[in-house]
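A look at the structure
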There are 2 protein chains.
Amino acid sequence: MRRTDVPDVVIRRLPLYLRCLTYMAERGQSVVSSQELGAWVGVSSAQIRKDLSYFGEFGRQGLGYEVTYLRDQLRTILQADKRWSIVLVGAGALGHALVNYRAFESWNYDLSAVLDNDPEKVGQPIGDLRVRPMEDLVASVHETGAKIAILAVPAEAAQSVAEQLVAAGIRAILNYAPMNLVLPAEIHVSYIDPIASLQSTTFYL
Amino acid sequence: MRRTDVPDVVIRRLPLYLRCLTYMAERGQSVVSSQELGAWVGVSSAQIRKDLSYFGEFGRQGLGYEVTYLRDQLRTILQADKRWSIVLVGAGALGHALVNYRAFESWNYDLSAVLDNDPEKVGQPIGDLRVRPMEDLVASVHETGAKIAILAVPAEAAQSVAEQLVAAGIRAILNYAPMNLVLPAEIHVSYIDPIASLQSTTFYL
DNA sequence: GCGTGTGAAACAATTCACAGCG
DNA sequence: CGCTGTGAATTGTTTCACACGC
């Protein structure tokens, strides 16, 4: 099964399965059925089985899936077993919160540089990092080997900074700015926008 | 067109259109075509037209859409013209960042109470609020009229707190905890989980 | 001509239902 | 018997293509 044959919706569900399996393994559960896993993550058992079937046969008929085995398979598929360096652009309140968010570290993501173009912020410490000027972007990306960047700048700056990131060799962006980015198709962009989420939920209220 | 006839994917795109139209209106642009709007938000022009057609006929043939008119229509559809009170549970680093996030205010959302069950945190000021104990939940929801809650607690606590929110009358939850919530179908839950986003992007790298 | 609104066609995702195996 | 893996059927979404009006 080639990467491009797997629908993107499937890829976006795998982390939910992985998270759930990780909790189950921590609790010492050894086996899980597609039914039980589906109940936890909120999808049908058929969907779980179909999703997994894109990548192989991980279960045993009549029994279910071995929790740690499936967890490790998903880790490999998602490359969550690797350590990933991340460059963060934007040292505002959000940037601070992200640097101090422990979950990155525990899931193998390493926020290894923080940059900002505000001279007031450059040089200030955040966590055990120091804010670097935007001129250091290419150097930061090379030093850290980062392929992923987190964009936590104001909307007006987002497109321009995103282009600089791509020019510096970044391949994937997690964008917290409330702005759609127009970038080459091979760059992967994920959007996190609580306002957009809230606006779609108020439609239903 | 009844609420339930509109696919949820469409509802999730409307905020992106609204955001873009708002920027365009600020810049003084008076008219926009589905083509141009699509280029900005990254969807096809046919999709824009189809999405809007669920709610009415807002454009003019040969011309396009009047920016402020369409913006106001979308605001009404999404109920983004109303002011919404929000109760925030969780006064950790994330809770602090959310309270200080100015975009809520500017998009008509009012973070009107913050709660936490940690006695150390209760009573502390955040922005111009003061952290209240979880026992005040029902009172907070009633005082503020909140129908929406933001959940910013550790994963272990999320399900339990979510149930308390529902019992207190909350109808929609924006969940920052890395945990799927199992709740009655009429409760609307949106998930924000940067780790899950990162894990799906590393699949492609 | 240009650009919307919309059925029809194409494509994509989910669910069904069951063969097959432990 | 229980539960996976999977084609087939169903359901949902996007794109096409064109009539219509400015």
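The structure presented is a predicted model; accordingly, all values stated were derived computationally and were not measured.

Here we come to unusual backbone geometry. All names here are of chain A. Phi at Asn-108 takes a positive value of approximately 80°, unusual for a residue other than glycine. Mapped onto the elements of the fold, Asn-108 is located in the loop between helix 6 (102–106) and strand 5 (109–116). Residue Asn-108 is classed as partly exposed on the basis of its relative accessible area, which comes to 23%.

Residue and element names in this part refer to chain B. The geometry of helix 2 (residues 34–41) relative to helix 3 (residues 45–53) is characterised by a closest axis approach of 8 Å and an angle of 105° between their N-to-C directions. It follows from the interaxial angle that helix 2 and helix 3 lie roughly perpendicular. Between helix 2, through Ser-34, Gln-35, Leu-37, Gly-38 and Val-41, and helix 3, the contact on the second element is made entirely by Ser-45, Ile-48 and Arg-49. A per-class count over the contact of helix 2 with helix 3 returns three nonpolar, four polar and one charged.

The next subject is the sheet that holds strand 8 (residues 132–133) of chain A. Residues and elements named next belong to chain A. With parallel pairing, six strands are arranged side by side in an open sheet as 8-5-4-9-10-11. Looking at the sheet topology across the chains shown, the edges are occupied by strand 8 and strand 11 (188–191). As paired elements, strand 4 (residues 84–89) and strand 9 (residues 148–151) share four bridges and run parallel to each other. Residue pairing for strand 9: Val-87 is matched across the bridge by Ala-149. Across the sheet, helix 7 (residues 137–144) touches strand 4, strand 5 and strand 8, and the angle it forms with strand 5 is around 165°.

Turning to the protein's contact with DNA strand D, a few remarks are in order. In the vicinity of DNA strand D lie 23 residues, with Ser-34, Arg-49, Gly-59 and Tyr-65 of chain A together with Arg-13 of chain B positioned nearest. Considering DNA strand D, the proportion of its atoms within 4 Å of the protein that are sugar or phosphate atoms stands at 62%. For DNA strand D, a phosphate oxygen lies 3.1 Å from a polar atom in the side chain of Gln-47 of chain B. Measuring from a base nitrogen of DNA strand D, one finds a backbone N or O atom of Gly-62 of chain B at 3.2 Å. Counting only elements with at least two residues in the surface near DNA strand D, the list comes to helix 3 (45–53), strand 2 (59–60) and strand 3 (64–66) of chain A together with helix 1 (8–26) and helix 3 of chain B. Of the residues in the surface near DNA strand D, the class split is five nonpolar, eleven polar and seven charged.

This part is about the protein's contact with DNA strand C. Close to DNA strand C lie 22 residues, the nearest being Ser-34, Arg-49, Gln-61, Gly-62 and Tyr-65 of chain B. Expressed as a percentage, the sugar and phosphate content of the atoms of DNA strand C within 4 Å of the protein is 62%. Between DNA strand C and Gln-61 of chain A, the relevant distance is 3.4 Å, taken from a sugar or linking oxygen to a side-chain nitrogen or oxygen of the residue. Here the surface near DNA strand C is composed, by residue class, of five nonpolar, ten polar and seven charged.

To continue, consider the pairing of strand 4 of chain A. Where a strand is regular, its side chains alternate between the two sheet faces. All names here are of chain A. Along strand 4, six of the six residues are buried, which leaves the element largely enclosed by surrounding structure. Burial along strand 4 is two-sided: Trp-84, Ile-86 and Leu-88 facing one way and Ser-85, Val-87 and Val-89 facing the other are all buried. Relative to strand 5, strand 4 runs parallel, the two being bridged by six bridges. Counted as the bridge partner of Val-87 is Ala-113 from strand 5.

What follows covers the sheet that holds strand 2 of chain A. Each strand in a sheet pairs with its neighbour through backbone hydrogen bonds, running either in the same direction (parallel) or in the opposite one (antiparallel). Residue and element names in this part refer to chain A. With antiparallel pairing, the three strands of this open sheet are ordered in space as 1-3-2. Of all the strands in the sheet, just strand 1 (31–32) and strand 2 have a single pairing partner and so form its edges. Looking at chain direction, strand 2 and strand 3 are connected through two bridges and run antiparallel. The residue of strand 3 that forms the bridge with Gly-59 is Tyr-65. On the sheet, helix 4 (residues 67–77) packs against strand 1 and strand 3 and is oriented at approximately 75° with respect to strand 3.

With 19 residues, helix 1 of chain B should reach 27 Å at 1.5 Å per residue; the first-to-last C-alpha distance of 28 Å fits that figure. Gly-28 of chain B, located one to two residues past helix 1 of chain B, shows a positive phi value of around 90°.

Right, let's talk about the relation of the copies chain A and chain B for a bit. Note on the chain copies: they are related by a rotation about an axis and a translation along it. Expressed as a screw operation, the relation of chain A to chain B combines 0.0 Å of axial shift with a rotation of 180°, fitting to an RMSD of 0.0 Å. Considering both components of the superposition, the chain copies are consistent with a two-fold axis. Looking at chain A, 100% of its interface residues are interface residues in chain B too, so the copies touch through the same face.

Here is what the cut-offs are and how they apply
- Residues numbered from 1 in each chain as written.
- Chains lettered and ligands numbered in written order.
- Predicted model: local features only at pLDDT ≥ 70, side-chain atom pairs only at ≥ 80, totals over all residues.
- Heavy atoms only, no water.
- Helix = DSSP H or I, 4+ residues; strand = E, 2+ residues; numbered from the N terminus.
- Buried < 20%, exposed > 50% of the residue type's maximum accessible area, 1.4 Å probe, protein only.
- Axes fitted to C-alpha atoms, helices over the stretch in contact; angles between N-to-C directions.
- Parallel < 35°, antiparallel > 145°, perpendicular 65-115°, else oblique.
- Contact = heavy atoms within 4.5 Å.
- Nonpolar A, V, L, I, M, F, W, Y, C, P; charged D, E, K, R; others polar.
- Pairing = 2+ DSSP bridges.
- Near = heavy atom within 4 Å.
- Polar contact = N/O pair within 3.5 Å; in protein donor to acceptor, adjacent residues only side chain to side chain.
- Expected span 1.5 Å × (residues − 1).
- Least-squares fit on C-alpha atoms with pLDDT ≥ 70 in both.

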